[in-house]
Amino acid sequence: PHTVAGCMRGSHHAPLMPVSLEHSTPSRFDGPPRVVGLGFQITDGRLLATVTLGGTTLWDTEMWSPVGPPLRSSQGTWNGVDFSPDGRTLAIAGGEGRVELWDVATRKKRRELSDPAGGSSDEPALATVRFSPDGSVLAAGGQEANHVTLWDAASGRVIGAPIETHPPQLGGAH
């Protein structure tokens, strides 16, 4: 008998690599990690946002209990998360190439920002999102496509063309 080595993160395209049973270490894998992103609200540190397959949960850090039910995405999956520097907005990077901006106090979605680079990719998912220190710019990076898109946080307009990044052996950002 043989088992097959596979991959657990990133691309799910892997070579078929038969190995003998005595040289294998089988493990159970039932999907992506449960927590795929998290971030603290830094204005007063009283909230923690965790991103899971079931949505994004806001946690009260004094009681360590959820603050309401999880926020739900129209994108199916979310990845990265970041609070704005003033703590009033939560940005969540999504599986369909959009960043959702949520009002923390009302728990309502304010708007969605579409990644222009996502439309030309077979894998439009965004892996990470961050506000600039002054909160004026929002940056999101692709999960499979190596790029970073910048938005004006107030207007939602894209700032310039996406920054294409490359692995170190190919050079840096362009």
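Predicted model only: the values in this text are computed from it and were never measured.

### A closer look at the overall build of the protein
Alright, step 1. The helix and strand tally for the protein stands at zero helices and 14 strands.
Alright, step 2. Going residue by residue from the N terminus, the α and β elements of the protein occur as β-β-β-β-β-β-β-β-β-β-β-β-β-β.
Alright, step 3. The 174 residues of the protein split such that 34% are buried.
Alright, step 4. At a minimum sequence separation of 6, the contacts of the protein that also span at least 24 residues come to 33%.
Alright, step 5. Accessible surface for the protein amounts to roughly 10,300 Å². Of this, 57% is attributable to carbon and sulfur atoms.

### Brief notes about the sheet that holds strand β14 (residues 163-164)
Alright, step 1. An order of β11-β12-β13-β14 is seen for the four strands of this open sheet, with the pairing classed as antiparallel. Each edge of the sheet is formed by a strand with only one pairing partner; in this case those strands are β11 (126-131) and β14.
Alright, step 2. Here β11 pairs with strand β12 (residues 137-142) via five bridges, running antiparallel. Each bridged residue has a counterpart across the sheet, and for T128 the counterpart in β12 is G141.

### Notes on the sheet that holds strand β3 (residues 35-40)
Alright, step 1. With antiparallel pairing, the four strands of this open sheet are ordered in space as β3-β4-β5-β6. Strand pairing shows two members of the sheet lacking a second neighbour, β3 and β6 (65-66), which therefore form its edges.
Alright, step 2. Pairing of strand β4 (residues 47-52) with strand β5 (residues 55-60) involves six bridges; the strand directions are antiparallel. Pairing of T52 across the sheet is with G55, part of β5.

### Let's talk about the confidence of the model for the protein
Regions with low pLDDT carry predicted coordinates that are not meant to be interpreted in detail.
Alright, step 1. Considering every residue of the protein, the mean pLDDT works out to 78; 73% of them sit at 70 or more.
Alright, step 2. This stretch, residues 1-14, has a pLDDT under 50; its non-local contacts, to residues over four places away or in other chains, come to 20 contacts.

### Concerning a nonpolar patch on the surface
Alright, step 1. Together, F40, I42 and W64 give the surface a local cluster of nonpolar side chains, amounting to about 380 Å² of exposed area.
Alright, step 2. Mapping F40 onto the fold places it in strand β3.

### As for the environment of E123
Alright, step 1. Examined against the element boundaries, E123 turns out to sit in the loop between β10 (108-114) and β11.
Alright, step 2. Assessed through its relative accessible area of 43%, E123 is described here as partly exposed.

### Description of the environment of T89
Alright, step 1. As for its placement among the helices and strands, T89 is situated in strand β8 (residues 89-94).
Alright, step 2. Distance in space between the C-alpha atoms of T89 and G135 is 9.8 Å, their sequence separation being 46 residues.
Alright, step 3. Ignoring sequence-local partners within four residues, the contact set of T89 consists of D82, F83, S84, L101, W102, V104, R110 and F131.
Alright, step 4. A distance of 2.5 Å separates polar atoms of two side chains, one belonging to T89 and the other to R110.

### Digging into the pattern of salt bridges
Alright, step 1. As enumerated under the stated definition, the model contains eight salt bridges in all.
Alright, step 2. In this structure, E62 engages R46 in a salt bridge whose closest nitrogen and oxygen atoms are separated by 3.8 Å. You can see E62 sitting in the loop between β5 and β6 and its partner R46 sitting in the loop between β3 and β4, a full 16 residues away along the chain.
Alright, step 3. By relative accessible area, which is 56% here, E62 ends up exposed.
Alright, step 4. Given a relative accessible area of 36%, R46 falls into the partly exposed group.
Alright, step 5. Across the pair D103 and R110 runs a salt bridge, and its minimum N-O distance is 2.8 Å.

The rules behind these values
- Counting starts from 1 at the beginning of each chain's written sequence and moves along it residue by residue.
- Only residues with pLDDT of 70 or above have their local features reported here, since the model is predicted, and side-chain atom pairs are shown and tallied only from 80 upward, although totals for entire chains, interfaces and linings are computed over all residues.
- To get the side-chain values, all heavy atoms of the structure are used, and hydrogens and water are removed first.
- Counting from the N terminus, the helices are the DSSP runs of H or I reaching at least four residues and the strands are the DSSP runs of E reaching at least two.
- A 1.4 Å probe rolled over the protein chains alone gives each residue an accessible area, and that area as a share of the maximum for its type sets the label: buried under 20%, exposed over 50%, partly exposed in between.
- Working rule for contacts: check all heavy atoms of both residues, and any pair within 4.5 Å makes them a contact.
- All accessible areas in this document rest on Shrake-Rupley with a 1.4 Å probe, and a residue is counted as covered only by the protein chains that are shown.
- Strand pairing is assigned whenever DSSP identifies at least 2 bridges connecting the two strands.
- The predictor reports its confidence for every residue as pLDDT, a score running from 0 up to 100.
- Residues form patches when they are more than 30% accessible in relative terms and have no salt bridge. Like charges link within 9 Å. Nonpolar side chains (Val, Leu, Ile, Met, Phe, Trp, Tyr) link within 5 Å.
- When a carboxyl oxygen of Asp or Glu is within 4 Å of a side-chain nitrogen of Lys or Arg, the pair counts as a salt bridge.
- Here a polar contact means two N or O atoms within 3.5 Å. Within protein one must be a hydrogen donor candidate and the other an acceptor candidate, and residues neighboring in sequence count only if both atoms are side-chain atoms.

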